[in-house]
Amino acid sequence: MNTSSMPLAPATGEQRATLLFQLCIGVYFLGGFLNSLVGLLVPRLRMIEGLNHTRSLLVQFAFHSSYLLFAVPITVVVVKFGYMRSIAAGLVVIVLGCGLLAASLGSLGYMTVLLSLLAIAGGVTFLQIAANIVVPVVEPARRAVSRLTLLQGFNSLGTVLASLAGSALLLGTGRQRFGDLADHLRVVLPFLAVALVALVLAAAFICQRDLLRASSAPRRVPLSGIVGVLSNRRLLAGGGAMFAYVGAEVTIGTLLVEYLAMPDILDVSPVAAGQLVGLYWTGALVGRLVGARYLTRYGAPTMLLGCAIAAVALVAAAIGLHGPVAATALLAVGLCNAIMYPTIFALSLPDDHSTATYASMLLCMVVVGGAVIPLLTGVVADVVSLRMSFMLPGICYTFIAAFAWWRHRTWD
């Protein structure tokens, strides 16, 4: 029998889930790499360019405030054009934003740097809303938590590699005024690399744009229905926990370089401190790879509760102790962060997946915690001290523990 002219059998649901998971690996890795690079811009501006905590932390404010500004219009785009095309669009926006940032760091000045970061984060917002939903759409609920945690492991791998490579490039150069091109190439090289990878990934998602044709498409909900979705108690509580988690993780990851370099902690150079921050993200990487296995055994609420309580204790130790013990305590918070994003996200979603895009929109908007908490922490650091400013992340982890306990009582 001649089978050369027979049509190929359509991919099964399991095959679609596997291919989608493989594509999302690149997206999550890129997101982690980019987030770490943005974090390294803060100690560069603070310790090399001479800005105070408040002004230098405007970098994180610009980067994370876009989640609040752009979440609603981007959700409209996702509902209209679907998940795959929206992810591709976000990657293209990242390419354009990285190009603008490279030019801004060379000669266009600080305000243009902030605008460039806002543009890059607009592209990341596409990925946050669309890419975080596609896995729960094609996976059973309990396996979705495990898969999301494993993807977050690749996100952490990106942050680790960016910390190691980016520290030498961004923190190993001399003082550079905007417009002085002597060290410009070294500073912008990692962002140009991100742009290249994002372009390749965008092409891959365009080629696979019909992958989810057989799955539930995002449903357009009238305004009255959106209010109903967004007033879900589970979603609102999870949104508060997500706000706290992102704010705490970004704050610690951003201020770790200066904290480790303090004379009564490790008294090391900015480059060495920046490379040690890789241990913070390595903890998240290891925790996510291990957590992806054990989440199905012990349950997401139980593991989230344990990690949040441990994070509170470690932050308290970092505030009250000195030397390598204090440094180890704050670095170890990365291990506690490992499962928080995927578990909070999965524990917050309503049962109706056809409205999950709007739930994802809210959970994306509250990522603005990564703008608000670091800026407030910077103000406290300028007024009181860097050490005492870590009380704010400690309070954030306390709120996460309360959310985990509440969901533990209602988890089935």
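What counts, and at which threshold
All residue numbers here refer to positions counted from 1 along the written sequence of the relevant chain. Per-residue local features of the predicted model are confined to residues with pLDDT of at least 70, and side-chain atom pairs are confined, for both listing and counting, to 80 or more; whole-chain, interface and lining totals are unaffected and use all residues. Heavy atoms throughout the structure, all of them, feed into the side-chain values; hydrogens and water do not. Working definition: helices are DSSP H or I runs of at least four residues, strands are E runs of at least two. Numbering for both runs from the N terminus. Note on classification: 1.4 Å probe, protein chains only; a residue is buried when its accessible area is under 20% of the maximum for its type, exposed when over 50%, partly exposed between these limits. Shrake-Rupley sampling with a 1.4 Å probe provides the accessible areas, and residues are treated as covered by the protein chains on show and by no other component. Exposure above 30% relative accessible area and the absence of a salt bridge qualify a residue for a patch, where like charges join within 9 Å and nonpolar side chains (Val, Leu, Ile, Met, Phe, Trp, Tyr) within 5 Å. Salt bridges, as used here, are contacts in which a Lys or Arg side-chain nitrogen is within 4 Å of a carboxyl oxygen on Asp or Glu. Only C-alpha atoms enter the line fits that serve as axes; for helices the fit covers just the stretch in contact. Angles between N-to-C directions range over 0 to 180 degrees. By definition in this entry, angles of less than 35 degrees are roughly parallel, angles greater than 145 are roughly antiparallel, angles of 65 to 115 are roughly perpendicular, and the rest are oblique. Definitions for this section: a left-handed crossing has its near helix turned counterclockwise from the far helix by less than a right angle. A right-handed crossing has that turn clockwise. The contact rule is simple, with two residues in contact once any of their heavy atoms fall within 4.5 Å. Lys, Arg, Asp and Glu make up the charged group, whereas Ala, Val, Leu, Ile, Met, Phe, Trp, Tyr, Cys and Pro make up the nonpolar group; the residues left over, Gly among them, are polar. Values of pLDDT, the confidence the predictor places in each residue, fall between 0 and 100. A pair of aromatic rings is counted whenever rings of Phe, Tyr or Trp (Trp by its six-membered ring) have centres within 6.5 Å, and the orientation is called stacked for planes under 30 degrees apart, edge-to-face for over 60 and tilted otherwise. N or O atoms closer than or at 3.5 Å make up a polar contact, with two conditions inside protein: a donor-capable atom paired with an acceptor-capable one, and, for residues adjacent in sequence, both atoms drawn from side chains. Among buried residues, those of type Ala, Val, Leu, Ile, Met, Phe, Trp, Tyr and Cys that are joined through side-chain atoms within 4.5 Å constitute a nonpolar core. What a helix is expected to span follows from its residue count: subtract one and scale by 1.5 Å. Note that bend, as reported per residue, equals the angle between axes fitted to the 7 residues terminating at that residue and the 7 residues originating from it.

Caption draft 1: Expanded view of the overall build of the chain. On a plain count of helices and strands, the chain comes out with 17 helices and zero strands. Here the chain, with 412 residues, has 57% of them falling under the buried criterion. Just so you have it, the chain exposes about 16300 Å², and 69% of that area is on carbon and sulfur atoms.

Caption draft 2: View of a nonpolar patch on the surface. A cluster of nonpolar side chains, namely Val379, Val383, Val384, Met388 and Met391, defines an oily patch on the protein surface of about 450 Å² accessible area. Its place among the elements puts Met391 in helix H17 (residues 391-410).

Caption draft 3: View of unusual backbone geometry. With a phi close to 55°, Asp267 is a non-glycine residue in the positive phi region. For Asp267, the position within the fold is in the loop between helix H9 (233-261) and helix H10 (270-298). Taking the relative accessible area as the measure of exposure, Asp267 reaches 54% and is therefore exposed.

Caption draft 4: Just the pattern of salt bridges, in detail. Tallied over the entire structure, the rule returns one salt bridge. Between Asp264 and Arg387 there is a salt bridge, and its shortest N-O distance comes to 2.6 Å. Of this pair, Asp264 sits in the loop between H9 and H10 while Arg387 is found in helix H16 (residues 386-389), placing the two residues 123 residues apart along the sequence.

Caption draft 5: Region of interest: helix H13 (residues 340-348). Judged by how many residues are buried, H13 sits mostly within the fold: eight of nine residues are covered. Taken together, the buried positions of H13 are occupied by Met340, Tyr341, Pro342, Thr343, Ile344, Phe345, Leu347 and Ser348.

Caption draft 6: Structural context of the packing of H13 against H17. The N-to-C vectors of H13 and H17 enclose an angle of 45°; their axes lie 12 Å apart at closest approach. Here H13 lies oblique to H17, going by the angle between them. When the axes of H13 and H17 are compared, the crossing they make is left-handed. Here H13 contributes Met340, Ile344, Leu347 and Ser348 to the contact with H17, which in turn contributes Tyr397, Ile400, Phe403 and Arg407. When grouped by side-chain class, the residues that make up the contact of H13 with H17 number six nonpolar, one polar and one charged.

Caption draft 7: Layout of the confidence of the model for the chain. Mean pLDDT for the chain: 82, with 83% of residues reaching 70 or above. With pLDDT under 50 throughout, residues 1-10 is counted as low confidence; its partners more than four residues away or in other chains account for one contact.

Caption draft 8: Molecular detail of the packing of aromatic side chains. This model, assessed by the stated rule, comprises six aromatic pairs. Arranged with centres 6.3 Å apart and planes meeting at 55°, the rings of Tyr245 and Tyr341 form a pair that is tilted. Placement of the pair is Tyr245 in helix H9 and Tyr341 in helix H13, with a sequence separation of 96 residues. Both rings, one in Tyr280 and one in Trp281, keep their centres 4.8 Å apart while their planes meet at 70°; by these two values the pair is edge-to-face. Exposure class is identical for Tyr280 and Trp281. Each is buried. Among the aromatic side chains, those forming a connected cluster through ring pairs are Tyr245, Tyr341 and Phe345.

Caption draft 9: Region of interest: the side chain of Thr125. Mapped onto the fold, Thr125 is located in helix H5 (residues 110-138). We classify Thr125 as buried; its relative accessible area is 0%. A distance of 2.7 Å separates a polar atom in the side chain of Thr125 from the backbone oxygen of Ala121. Every residue in contact with Thr125, bar those within four places of it in the chain, is listed here: Ser66, Tyr67, Phe70, Ala71, Ile74 and Cys364.

Caption draft 10: Here's a closer look at the packing of H9 against H13. Contact pair H9 / H13: the axes reach a minimum separation of 8 Å and the direction vectors enclose 165°. Here H9 lies roughly antiparallel to H13, going by the angle between them. In the crossing of H9 with H13, the sense of the turn from one axis to the other is left-handed. Across the interface between the two elements, Arg234, Leu235, Gly238, Gly239, Ala241, Met242 and Tyr245 from H9 touch Met340, Tyr341, Ile344, Phe345, Leu347 and Ser348 from H13. Each residue belonging to the contact of H9 with H13 can be placed in one class, and the counts come to nine nonpolar, three polar and one charged.

Caption draft 11: Molecular detail of the side chain of Ser167. Looking at the secondary structure, you find Ser167 in helix H6 (residues 141-171). Take Ser167: its relative accessible area is 0%, and that puts it in the buried class. A polar side-chain atom of Ser167 sits 2.5 Å from the main-chain carbonyl oxygen of Ser163. Leave out the neighbours within four places in its chain, and Ser167 touches Leu40, Ala162, Gly172, Val271, Gly274 and Gln275.

Caption draft 12: Up close: the nonpolar core. Counting 133 residues, the largest nonpolar core has Tyr259 and Met340 as the members making the most contacts within it. Once residues within four sequence positions are removed from consideration, Met340 is found in contact with Tyr245, Leu304, Cys307, Ala308, Ala311, Tyr397 and Ile400.

Caption draft 13: Spotlight on the environment of Leu279. Topologically, Leu279 is positioned in helix H10. Spatially, the C-alpha atom of Leu279 lies 8.1 Å from that of Ala332, the residues being 53 residues apart in sequence.

Caption draft 14: Main features of helix H7 (residues 184-207). Along its 24 residues, H7 runs 35 Å from first to last C-alpha, staying within 8% of the 34 Å computed at 1.5 Å per residue. Within H7, the axis deviates most sharply at Pro190, by approximately 35°. The set of residues buried in H7 consists of His184, Val187, Val188, Pro190, Phe191, Val194, Ala195, Ala198, Leu201, Ala202 and Phe205.

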